[in-house]
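# Coordinate analysis (summary)
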Amino acid sequence: YTATHPDYRAVTLGGGKFRLPDAKKILITTTIYYKSSIEIVGGGWSTQILFAPTTAKNAFEPSTSYAALNGQHDVTFRNFAVYAQNANAKRAFSITRTRHITLDSLKVTDFAEYGVYLGWVTGSYNFYNTIRNCFISNSPVNLYIDSVANAVRIDGGSIASDSGYALTDYNVVNKAA
């Protein structure tokens, strides 16, 4: 799949489903900016996104184009794995300015800062997001929630780290109001 593949237009333009190839390793070197009303679906954890940016970046972020400043909504990421490949991979999912975002049956591991970041940006919102049946591991903070009036549903899954992490590292930081 490349930026010219018809399914990829769903991610960048909004609306539609983007199907990742089953049981493939996909090297990504830059952030994927998504828009509203999309679904990115893999074929299980054997569908692996290997994130290897050359400078500090996040794997997935909502688009912040002019039309999208008020946020993205109704986005689902389902049934694949995201692995950081180097120290420039800051976050798998940096989720701000969103509502009704669903992370479902994902494996997220080895990011330099946060596995999943649900954050507040002044003048925007971030609510009604769901994390379901995900395995998030081996980042200094696996799940970080910092949002005013944020409703996040966490349903099943596991948040854990292997040995070697310090007491200053956290599985979950929740600063939601």
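Structure's up top.
Description of the structure in this document. Every chain begins its residue count from 1, and numbering advances along the sequence as written. A pLDDT threshold of at least 70 governs which residues receive local features in this predicted model, and a stricter bar of 80 or more applies before side-chain atom pairs are shown or counted, although totals over entire chains, interfaces and linings include all residues. Values shown for side chains rest on all heavy atoms present in the structure; no hydrogens or waters enter the calculation.

## Points about the overall build of the protein chain
Quick note on the threshold: Counting from the N terminus, the helices are the DSSP runs of H or I reaching at least four residues and the strands are the DSSP runs of E reaching at least two. A 1.4 Å probe rolled over the protein chains alone gives each residue an accessible area, and that area as a share of the maximum for its type sets the label: buried under 20%, exposed over 50%, partly exposed in between. All accessible-area figures derive from a Shrake-Rupley calculation using a 1.4 Å probe, and residue coverage is judged against the displayed protein chains alone.
When helices and strands are tallied, the protein chain shows one helix and 17 strands. Per-residue burial over the protein chain gives 46% buried out of 177 residues. Summing over all exposed atoms, the protein chain offers an accessible surface of approximately 8400 Å²; the carbon and sulfur share of this is 50%.

## Some remarks on the pattern of salt bridges
To keep things clear, this is the line we draw: One side-chain nitrogen of Lys or Arg within 4 Å of one carboxyl oxygen of Asp or Glu is enough to make a salt bridge.
Across all of its chains, the model carries six salt bridges by this definition. Between Asp104 and Arg78 there is a salt bridge, and its shortest N-O distance comes to 3.0 Å. Pair noted here: Asp104 is in strand S10 (residues 98-104) and Arg78 is in strand S7 (residues 72-78), with a separation of 26 residues, a long-range link. Take Arg78: its relative accessible area is 28%, and that puts it in the partly exposed class. Given the relative accessible area of 9%, Asp104 is considered buried. Among the charged side chains, a salt-bridge network with shared partners connects Glu39, Arg78, Asp104 and Arg132.

## Topic: the environment of Asn88
For clarity, the cut-off: Note on definitions: a residue-residue contact is assigned when non-hydrogen atoms from the two residues lie within 4.5 Å. We call two N or O atoms a polar contact when they sit within 3.5 Å, provided that within protein one can donate a hydrogen and the other can accept it, with sequence-adjacent residues counted only if both atoms are side-chain atoms.
Relative to the assigned elements, Asn88 resides in the loop between strand S8 (81-84) and strand S9 (89-95). Placed 31 residues apart in sequence, Asn88 and Lys57 show a C-alpha to C-alpha distance of 6.3 Å. Other than its neighbours up to four places away in sequence, Asn88 contacts Pro53, Thr54, Thr55, Ala56 and Lys57. Among the polar contacts made by the side chain of Asn88, one reaches the main-chain carbonyl oxygen of Pro53 at a distance of 3.3 Å.

## Thoughts on the pairing of strand S4 (residues 38-41)
The condition that has to hold: The criterion for strand pairing is that DSSP finds at least two bridges linking the strands in question.
The side-chain alternation of S4 yields two buried faces, one formed by Ile38 and Ile40 and the other by Glu39 and Val41. Judged from the four bridges that link them, S4 and S7 form a sheet pairing that is parallel. Pairing of Ile40 across the sheet is with Phe77, part of S7.

## Some remarks on the side chain of Glu39
With respect to the helices, strands and loops of the structure, Glu39 is situated in strand S4. In this structure the side chain of Glu39 is engaged in a polar contact, spanning 2.3 Å, whose partner is the side chain of Arg78. Look past the residues within four positions of Glu39 in its chain and what remains in contact with it is Gly16, Lys17, Phe18, Thr76 and Arg78.

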